[in-house]
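# Observations on the model geometry
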Amino acid sequence: MKEIGRTRSGLQMGYTTGSCAAAAAKAAAEMLLSGEEIRQVRLLTPKGIELYLELEEIMRKKSEVSCAVRKYSGDDPDVTNGILVYATVQKVEKKSKINSENSVDLSEKINLDGGIGIGRVTKPGLEQKIGQAAINKVPRRMICETVEEVCGKYEYTGNLQVRLSVPEGAEVAKKTFNPRLGIEGGISILGTTGIVEPMSEKALMDTIYLEMKILKENGTDWCYVVPGNYGMDFLRKKLHVDTALSVKCSNYVGETIEDAKLLGMKGILLIGHIGKFIKLAAGVMNTHSRQADCRMEVLGVHAAMNGADAAVVRKIMDCINTTEAMEILRREKLIEPVMESVMKRIEFFLKNRAGEELEIGVILFSTEDGILGKSENADELLKKIQENR
């Protein structure tokens, strides 16, 4: 395969599971209707980039053909990289034979469904109805257009069923957001442009929005927000609360607050490790280190405000992580006053971002000390979230 292209930062682009599915479906339809085997298929992606994709695992029968395209993610660290996405295209006599409650009609003569390793939707709030295969809108359209193109080429007027499968899908899905989104049994067939652009922040922020949207549409007006696994573990092991009522925000605290307001949530409680959330005390709402790393500056200033001398502040500024800085504060007996003033600043910035329409609170913790600080309304929000469930 030729190189697809590179981002402005020089990273190699790849192609989506949606492109794999559309290419495999097009190739299977071509072989079924022409009676000839092909080894490569051309696909024009919604982004306007042409792909020439190699076919694998070709199986031909009189009334159906299946083949696979191997997913390539370029330089994006995608768990689906290298998996085979299969499409089986089958001739059917009457549409009534291929219609089912959980399949999707792509046109008057094309029906699409998912097989092994394709997730099924179990909660409202997604593009698909409950019970349908997790095949997103753009890939569905790509499959329809490419298969109809082949039908037109060979003047085929009968009905076709397209069935997608990913043998590794159930195992790979455990490493994705799917279980949290209520998609069970496999991966989703995704993609809006057909092309994978490495380190897509938009894709991650879209997922955060979708997680919260699903909670809202299932009757949850109050929820927890955690950056990642540390926060989830703290919810489960220390606070003993239901992690199903939480959203992972990664580094995007500000965007998550905006999502909550947009969706009409009543309140959120942020719970995070001090290593990330200490930055909120400086008004930093994207906690990724490439955006800002003011951890020691925040702790140093608040230590000075609470009586630390210049030598102590210099030691804090030389620390490489918050664990080391907290040890200094502990020796100086400054943890409580420092965390009290830190929490006041965090509350100030969070309430300023949330506005009047969203109640917001926060809990800071460390692995060594447990809860280090919490907003005045944190306990009330904990109660509201659990009662809301």
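Along each chain, numbering runs from 1 in the same order as the chain's sequence is written. Local features in this predicted model are restricted to residues of pLDDT 70 or higher, and side-chain atom pairs are both shown and tallied only at a pLDDT of 80 or more, whereas totals for entire chains, interfaces and linings draw on every residue. Side-chain measures here rest on the full set of heavy atoms in the structure, leaving out hydrogens and waters.

## Structural notes on helix α13 (residues 335-354)
Think of an α-helix as 3.6 residues a turn; residues three or four steps apart then line up on the same face. Put simply, the test is: Runs of E in the DSSP output that reach at least two residues are strands. Runs of H or I that reach at least four are helices, and both are numbered from the N terminus. Expected span, for any helix, means 1.5 Å times one less than how many residues it has. Think of it in three bands: with a 1.4 Å probe and only protein chains considered, a residue is buried below 20% of the maximum accessible area for its type, exposed above 50%, and partly exposed in between. A contact between two residues is defined here by any heavy atoms of the two lying within 4.5 Å.
Under the 1.5 Å per step criterion, the end-to-end length of α13 is 28 Å for 20 residues, consistent within 8% with the ideal 28 Å. Regarding α13, the residues found buried are Ile335, Val338, Met339, Ser341, Val342, Met343, Ile346, Glu347, Phe349, Leu350 and Ala354. Buried residues along α13 sit in contact with α8 (253-263), α9 (274-277), α10 (295-305), α12 (322-331), β16 (359-366) and β17 (370-374).

## A word on α8
Among the residues making up α8, those that are buried are Val253, Gly254, Thr256, Ile257, Asp259, Ala260 and Leu263. Looking at the buried residues of α8, the elements they touch are α6 (201-217), β13 (222-226), β15 (267-273), α9, α13 and β16. Directly after α8, the chain includes glycine 264, whose backbone phi takes a positive value near 80°.

## Let's talk about unusual backbone geometry
As a rule of thumb, non-glycine residues mostly have phi less than zero, and peptide bonds are mostly trans rather than cis. Not every positive phi belongs to a glycine, and glutamate 57 is a case in point at roughly 55°. Locating glutamate 57 in the fold gives a position in strand β4 (residues 56-60). Phi at glutamate 155 takes a positive value of approximately 55°, unusual for a residue other than glycine. The class of glutamate 155 is exposed, set by a relative accessible area of 71%.

## Some words on the packing of aromatic side chains
To keep it simple, the criterion reads: Planes of paired rings set the category: under 30 degrees apart is stacked, over 60 is edge-to-face and the rest tilted, where pairs are Phe, Tyr or Trp rings (Trp by its six-membered ring) whose centres lie within 6.5 Å.
All told, the structure shown has 3 aromatic pairs when counted by the stated rule. Here the aromatic rings of tyrosine 15 and tyrosine 72 are separated by 6.1 Å at their centres, their planes lie at 55°, and the arrangement is tilted. Placement of tyrosine 15 in strand β1 (residues 14-15) and of tyrosine 72 in the loop between β5 (64-70) and β6 (84-92) is noted, with a sequence separation of 57 residues between them. You can call tyrosine 15 buried: its relative accessible area is 5%. Each ring, one from phenylalanine 234 and one from phenylalanine 365, has its centre 4.0 Å from the other, and the planes form 5°; the classification is stacked.

## Describing the side chain of serine 165
Structurally, the position occupied by serine 165 is in strand β10 (residues 159-165). Beyond its immediate stretch of four places on either side in the chain, serine 165 contacts Leu84, Val85, Tyr86, Gly115, Ile116 and Ile118.

## A short note on the nonpolar core
Let me state the cut-off plainly: To qualify as a nonpolar core, a set must consist of buried Ala, Val, Leu, Ile, Met, Phe, Trp, Tyr and Cys residues joined through side-chain atoms within 4.5 Å.
Counting 53 residues, the largest nonpolar core has Ile143, Val147, Val162 and Leu164 as the members making the most contacts within it. Sorting elements by how many residues they give to this core places helix α1 (residues 17-34) first, with 12 residues. Contacts of valine 162, omitting those with residues within four sequence positions, involve Ala25, Thr88, Val89, Ile110, Asn111, Leu112, Asp113, Ile143 and Val147. Among the nonpolar cores identified, the runner-up in size contains 51 residues, and Cys249, Cys319, Ile335 and Val338 belong to it.

## Some thoughts on the packing of α10 against α12
Just so we agree on the cut-off: As a rule, the C-alpha atoms of each element are fitted with a line to give its axis, helices using only the stretch in contact, and angles between N-to-C directions run from 0 to 180 degrees. To sort the angles, those under 35 degrees are grouped as roughly parallel, those over 145 as roughly antiparallel, those from 65 to 115 as roughly perpendicular, and the leftovers as oblique. The residue classification treats Ala, Val, Leu, Ile, Met, Phe, Trp, Tyr, Cys and Pro as nonpolar and Asp, Glu, Lys and Arg as charged. All others, Gly included, are polar.
In contact at an axis separation of 10 Å, α10 and α12 are set at 10° when each is read in the N-to-C sense. Considering the angle they form, α10 stands roughly parallel to α12. Together, Arg295, Met296, Leu299 and Ala303 of α10 and Thr322, Ala325 and Leu329 of α12 make up the contact between the two elements. The class makeup of the residues in the contact of α10 with α12 is 5 nonpolar, 1 polar and 1 charged.

## Here's the deal with the environment of valine 150
Relative to the helices and strands, valine 150 is located in helix α3 (residues 137-153). Along the primary structure valine 150 and lysine 26 are separated by 124 residues, whereas in three dimensions their C-alpha atoms are 6.9 Å apart. For valine 150, the residues in contact, after removing those within four places along its chain, are Lys26, Ala29, Glu30 and Leu33.

## Regarding the pairing of β13
For a regular strand, side chains alternate in direction, first toward one face of the sheet and then toward the other. Rules: Strand pairing follows a simple DSSP-based rule, namely that at least 2 bridges must link the two strands.
Most of β13 is tucked away: 5 of the 5 residues are buried. By the alternation rule, side chains of β13 split into Trp222, Tyr224 and Val226 and Cys223 and Val225, which are all buried. Pairing between β13 and β15: 4 bridges, direction parallel. For tryptophan 222, the partnering residue across the bridge sits in β15 and is glycine 267.

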